[in-house]
Every structure is written in structure tokens, then in C-alpha cells.
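An overview of the molecular structure
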Amino acid sequence: MQLSAHPARALIVTAILGFATLAGPAWPQAPASAPAWPQLKSDIPMDPALKFGTLPNGMRYVIMKNATPKGEASIRLRIAAGSLHETEAQRGLAHFTEHMAFRGTTRVPDGELFKTFERLGMRMGADTNARTGELDTVYQFDLPNVDDQSVDTGLMVTREIVSEISFNPDAFQAERGPVLSEERLRDGPGMRAYVAHNGFLLKGQLAADRMPIGKVDVIQNAPVSQLMDFFRAYYRPERATLIAIGDFDVD
């Protein structure tokens, strides 16, 4: 297949097509069953500036050109899995998986990811971040440039996160501390009020008992195999959505 002659455009197309191989032989096979874009059923026309698509394996993508600010781009990778998808023995492991995505993958060794982004002018927290909620996990990369190297690196990292997190046992053990410190940092009056509020409004529902931070005893004691079980079950192409918006050619 002939790709566009535009280098950045070719990198985007190549990376998107790369997602088509996510469900490799080592993974449990499942039919592609991604939900349809809600715009398809709406009486409000789709914004023509947005290019929506779904690959044969179920992974969805949306791409849009936005030249403000000029020469920059944002990439988001959404995995439709959060704390509501955890078993009782996995409480907090959706969030822990998010942490492990930054602790090494097949192509990016532990400790190198942030250095890689720093070389592109990106700052941890401001330009490179992630969040875990009850229903999803979202990885966020804001590229200060849309040159070939920056775009290629951003898309390569998102590709690695979907199926190539290494789950090195030593890195996993070391990351328990940062996750536990995040739990302690959040455990203040505001969070306790929020939990009590949810418990009252959602009494008897699972959502009232599934804060993304999870349970301390699980974070302290869960084996790495529990984390990998969650990853294999939910980090799948039909649960993945790639969003790329920036100063590049959509086509």
C-alpha cells in the first residue's frame, strides 16, 4: 500500500495501522465489538473537520487538524477500562496499570520514557500524564512540535502502552510506594466527603464502592500476575480509542 508522501502524515497512518495487530497470538482472542460512534445515531451532523474511523479489529480513532497553537499536537489514548472493571482482588489495579505504563515497555526500558519525552521538550505532568477513572483510563501526550520525530515518538509510545507494558517485577515492586503515597495524599476531608456523598447517592451500587485509588491492602500485596490479568483482559483493540488533534494534515 502506498502511503502519503507527507512524512508526518505517513507516520500517523503507519501508527494507526500498527494498532491493527494488537490482538496477537499471545492474547486471548475476542470478536471486535467496539461501540459505534454516537454521532452515527444523532440527528446532529458530524463535524466534517473530524475524521472518525474504526479498524477491522475494533479499535477506533478520530483525527482533527487544529493549527491553534501552531505547530503543536495532542494525542490521547483511551482504554475503556477503569475501577468498575476490577474484581475484589484487583481493587486499585486499573490505576496501578496506568503507573506501570510509564515504567517500561518492550521498546522503552524503565526510566527512559520521561527522558525520551524531555528530549522533545515535554514536561512530566504538564505534557505527559494519565488518569484513571471508574469507566476508563486515558493517557495524555501534548507535543510541542509536529516534526517527524515528535509525532513518531508520541504514536510509538501510545502503541507500546496498548499491548507492550513490560510489568517488570522489580519496577512493579518499586512502584507500590508512589501509588500508596498517592492514596495517602488523597485521603483528606474532601475525598472522605466525596466517598460518603457517593455512598449516599449510589447506595447498593458498585460505583459507590469502586474509587479508582483502590484498597491499600491490594496495592501492598497483589502479585504482578494480578496486574497482568487485568491488563490482558481489558487493554484490547476493541476497548482502545486513539485521538490525535494538531497542526498536521488529517488525510
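In this text the structure is predicted, and so the values were computed from the model without any measurement.

Overall, mixed pairing links the 6 strands, which are arranged β1-β2-β6-β3-β5-β4 in an open sheet. Of all strands in the sheet, those bounded by a partner on one side alone are β1 (50-54) and β4 (128-132). Ignoring which end each strand starts from, the neighbouring axes of this sheet average 10° apart. In the sheet, strand β2 (residues 60-65) pairs with strand β6 (residues 240-246) via 6 bridges, with the strands oriented parallel. Within β6, the position partnered with I63 by the bridge is A244. Running over the sheet, helix α4 (residues 148-163) touches β3 (73-79), β5 (137-143) and β6 and is turned about 165° from β5.

It is worth spelling out the side chain of D136 at this point. Tracing the backbone shows D136 in the loop between β4 and β5. According to the relative accessible area criterion, D136 is buried, its value standing at 11%. A distance of 2.9 Å separates a polar atom in the side chain of D136 from a polar atom in the side chain of R78. Polar contacts involving the side chain of D136 include one to the side chain of R131, which spans 2.9 Å. Residue contacts for D136: discarding those within four places in its chain leaves R78, I79, A80, A81, G82 and R131.

With 5 of its 6 residues buried, β2 lies for the most part within the structure. Sheet analysis places β1 next to β2, joined by 5 bridges and oriented antiparallel. Paired with T54 across the two strands is R60, which belongs to β2. Hairpin connection of β1 to β2: 5 residues between the antiparallel strands, including G58 at a positive phi of 105°.

What counts, and at which threshold
- Residues numbered from 1 in each chain as written.
- Predicted model: local features only at pLDDT ≥ 70, side-chain atom pairs only at ≥ 80, totals over all residues.
- Heavy atoms only, no water.
- Pairing = 2+ DSSP bridges.
- Helix = DSSP H or I, 4+ residues; strand = E, 2+ residues; numbered from the N terminus.
- Axes fitted to C-alpha atoms, helices over the stretch in contact; angles between N-to-C directions.
- Contact = heavy atoms within 4.5 Å.
- Buried < 20%, exposed > 50% of the residue type's maximum accessible area, 1.4 Å probe, protein only.
- Polar contact = N/O pair within 3.5 Å; in protein donor to acceptor, adjacent residues only side chain to side chain.

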